[in-house]
Amino acid sequence: MTEFSAVYYDGRTSARTPVRVRALDHSLHLVGAELNIEVPFADVRVDARVGDTRRILSLPGGAQLHTDDHAALAALFPRANRLEAWVHELERRWGYALAALMLIAGAAWWSVTLGLPVVAKWVADFVPIDIEGRLGAETLYALDKSLCTRSALGADRQQALQKLLGTLTSGLNDRYPYHLEFRACGAVGPNAFALPGGAIVVTDALIKLAQNDPQIAAVLAHEIGHVRRRHGLRLALQSAGAAALIAALAGDAVSITGLAVILPTALLQNGYSREFENEADADAFRRLKAIGLSPKYFAEIMMRLEDYHAKSGGRQDGDTRDTATGKGALDYLSTHPATAERIARALANQ
Amino acid sequence: MDEPGRKEPHLGGNPYAYPTAERAAINVASAPAQADKHRSPVVFTASAGEYFRIWIVNLALTILTLGIYSAWAKVRKKRYFYSHTRIDDDGFEYRGNPVAILKGRIIAVILLAIYSFAGHFSPALKIVFVIFLAIAVPWLIVRSLAFNAFNSAYRNIRLHFGGTYGECFKVIVLYGLLTVISLGIGYPYLKAQLIRFAARNHHYGTTQFEIGSLTRSFYRTYLKAFGVLILSFIVLGITVAVLSFGLRVGNRGALPMGVGIPFAVAGYGGYLLLFAYLRARISNLTFNAITIGPVQFESTLRARDLAGLYVVNIVAIIATLGLATPWAVVRTLRYRAGKTILLVAGGLDSFVAGQARQVAATGEAVGEMFDFDIGL
């Protein structure tokens, strides 16, 4: 016959009454100071076990029994809370914890490398082009506020380059209103950015760095690839998704440190953008060939860019500190590790 | 503002558990004769290893069910921590219903989606949403406190939160605006009023919480923190100026890279210490001002302990890619519990249960998503 010790709380006051509980055929018999009651099993509800925490039995009328005698309860209520009892069995053993850990790591890896990009692409397809354009306009506004000023390029030159873009995008039939935005962005150096929605920002430094128009065309072809594949929007969505995912996994930790979320998100973003670069490169080679230019121009401008960054240490402010050179080149390489590879691919695609 | 101890219960006509005469006797006895009081420490008995297994298994189940199980996971975690928080060998009980929490979470996700999309598509829509939020926030806070109170029990007596929307709106929106208009000078007042609102509307059974005025002590605390902040800025500024001048003579240029690192560490460490100081002080001041019938508190958190705890937690969590999270949570809770003692006149046996109504979980779940910090 099962018997166990418990504390009885009547639910009306906070007084505690230690009791001895004896299991009869169809009921529990509680005996304590000034207490002697019998409760049918059918009226007793036992809570699900969590760790080795104290168990609570709810009795009719709002009273409770609290006990640490898990064995007695297991014997008396073998079928209670089957689902949560199963969860408890999983929580009890380190083996299952290890299995859970592996499952989480696998799921995180899968969703970050495969799931998120697919979902982001799917979501991006629902965003109309004019809304993408508005996002792009906002980004341009932010650039103008922080890094860039008016271009010093002559109107004739600007028009010629717009025409070059027109040649590159003719026959694409993708409804993007492609156009160039010329800017002088001192600290950025020679560069071009594809904004969501069809605008492509080109810095004066890039125009200066290029030896001929086909080299500029190569860069533009690459940026067109970014626009068409909605890389800007997708990158933003992927990063947001990754941040949400990490926050969900870290759960309790978020309140302790925001850093734990930011750090891996930044690292992931780096990885994502590398993949997008390769996609845009492949597009560029195809585009260039379509209008009768060789992808070797892409290789040439990439080499010039790399030269530029190696020489100036990534800086453009006339500061020729030799101590900074090593750091600058390293910096550049860490975000563009595959430049040599990209050049090789362009040459192979001639 | 309100004087402590002189307030009659005012919300919902909830009668005080103790007859007035008895209460007066307690009040008279409490002030001079601390020695009469029984000291009951809050004991936290959770183990990091056990919680780690609960945490990771529930996380895996949440992933496998695409998030649906998260409500059950939350209830299990809360039940674990509540039960391991003990006073006089009796643990707390969490009674939250996972289905209610799941419903709340679904609503919260929908709201969050609307919010983030509204901003991208039209700034005007975002403004509308912010106004909507200003109206909704007091409601969310009240609901969230009510849900949590309703589902928390000790010795089979529930807590109960009786705060009203109107009162919460007044604190949040009115004092919130006051804080903005006064350029932050009103912030300690806002914080004090918010905590007072949250505390004094709680009931344990029929016994309403009482809380003394916090305004003056909060101002002292924030002023001190602000003073330290300004002082350290000045010291840091002078140091950087002196160093960069000294180095410029020798090295024809800006500061070498390495010099910045100690400053970054000092800055981050200082910020953490200040954060810990505010946490510890505000928490102590709040608990020490609360009276629940015959119960008072003695909270003695220390800023440097908390700061040390946070530093180790952050390092451990990053170094283990998050796996140390359960350990960090458990040790933080254990520290906090260990620094809290109940001073009880008589005993804990004479609280009386009240009637409580069912409360939906929406407020709590939405509040969780938008990360409201009520600071209690």
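If you're wondering where the values come from, they're calculated on a predicted model, not measured in any experiment.

1. Looking at the overall build of chain A
Across its full length, chain A carries 12 helices and 11 strands. Total accessible area on chain A is roughly 18,000 Å²; 58% of this is exposed by carbon and sulfur atoms.

2. Observations regarding the state of the cysteines
Residues and elements named next belong to chain A. Enumeration according to the criterion identifies one disulfide over all chains in this entry. Disulfide pairing places Cys148 opposite Cys185 at an S-S distance of 2.1 Å. Between Cys148 and Cys185, the S-S dihedral sits near 105°, and the bridge is therefore right-handed. Placement of the pair is Cys148 in the loop between α4 (129-146) and β8 (149-150) and Cys185 in the loop between β9 (179-184) and β10 (192-194), with a sequence separation of 37 residues. Accessibility assignment for this pair places Cys148 and Cys185 in one class, buried.

3. Looking at the packing of helix α6 (residues 165-181) of chain B against helix α7 (residues 187-200) of chain B
Residue and element names in this part refer to chain B. Where α6 meets α7, the closest approach of the two axes is 9 Å, and the angle between their N-to-C directions is 170°. The angle between the axes of α6 and α7 places the two elements in the roughly antiparallel class. Between α6, through Glu167, Cys168, Val171, Ile172, Tyr175, Gly176 and Thr179, and α7, the contact on the second element is made entirely by Tyr187, Tyr189, Leu190, Gln193, Leu194, Phe197 and Arg200. The class makeup of the residues in the contact of α6 with α7 is nine nonpolar, three polar and two charged.

4. A short note on the confidence of the model for chain A
Looking at chain A as a whole, the pLDDT averages 83, with 85% of positions reaching at least 70. Predicted confidence is poor over residues 314-335 of chain A, with pLDDT under 50, and the contacts of this stretch with residues over four places away or in other chains come to 17 contacts.

5. A word on the sheet that holds strand β6 (residues 202-204) of chain B
Paired through backbone hydrogen bonds, the strands of a sheet run either parallel or antiparallel to each other. All names here are of chain B. Read around the barrel, 10 strands follow the order β1-β2-β3-β4-β5-β6-β7-β8-β9-β10 and close on themselves; strand pairing throughout is antiparallel. Taken over all neighbouring pairs, the strand axes of this sheet differ in orientation by 30° on average, direction set aside. Direction of pairing for strand β2 (residues 85-87) relative to strand β3 (residues 90-94): antiparallel, over a ladder of two bridges. Bridged to Arg86 within β3 is Gly91. Of the strands in this sheet, β1 (38-44), β2, β3 and β4 (152-154) are in contact with helix α3 (residues 70-83), which crosses β3 at around 160°. The strands that helix α11 (residues 325-338) touches are β1 and β10 (340-344); relative to β1, the one it contacts most, it runs at about 180°.

6. A short note on the pairing of strand β5 (residues 157-161) of chain B
All names here are of chain B. With four of its five residues buried, β5 lies for the most part within the structure. Hairpin connection, β4 to β5: the antiparallel pair is bridged by two residues, and Arg155 has positive phi, about 55°. Two elements, β5 and β6, share three bridges in a ladder whose sense is antiparallel. Bridged to Phe161 within β6 is His202.

7. A short note on the pairing of strand β1 (residues 3-9) of chain A
A regular strand carries its side chains on alternate faces of the sheet. Residues and elements named next belong to chain A. The buried fraction of β1 is high, at five of seven residues. Here six bridges tie β1 to strand β2 (residues 17-23), and the two strands are oriented antiparallel to one another. Bridge pairing links Ser5 to Arg20 in β2. Here β1 pairs with strand β7 (residues 64-67) via three bridges, running antiparallel. From the neighbouring strand, Tyr9 faces β7, where its bridge partner is Gln64.

Quick notes on the rules
Residues numbered from 1 in each chain as written. Chains lettered and ligands numbered in written order. Predicted model: local features only at pLDDT ≥ 70, side-chain atom pairs only at ≥ 80, totals over all residues. Heavy atoms only, no water. Helix = DSSP H or I, 4+ residues; strand = E, 2+ residues; numbered from the N terminus. Areas by Shrake-Rupley, 256 points an atom, 1.4 Å probe, with all protein chains shown as cover. Disulfide = S-S within 2.5 Å. Buried < 20%, exposed > 50% of the residue type's maximum accessible area, 1.4 Å probe, protein only. Axes fitted to C-alpha atoms, helices over the stretch in contact; angles between N-to-C directions. Parallel < 35°, antiparallel > 145°, perpendicular 65-115°, else oblique. Contact = heavy atoms within 4.5 Å. Nonpolar A, V, L, I, M, F, W, Y, C, P; charged D, E, K, R; others polar. pLDDT = per-residue confidence, 0-100. Pairing = 2+ DSSP bridges.

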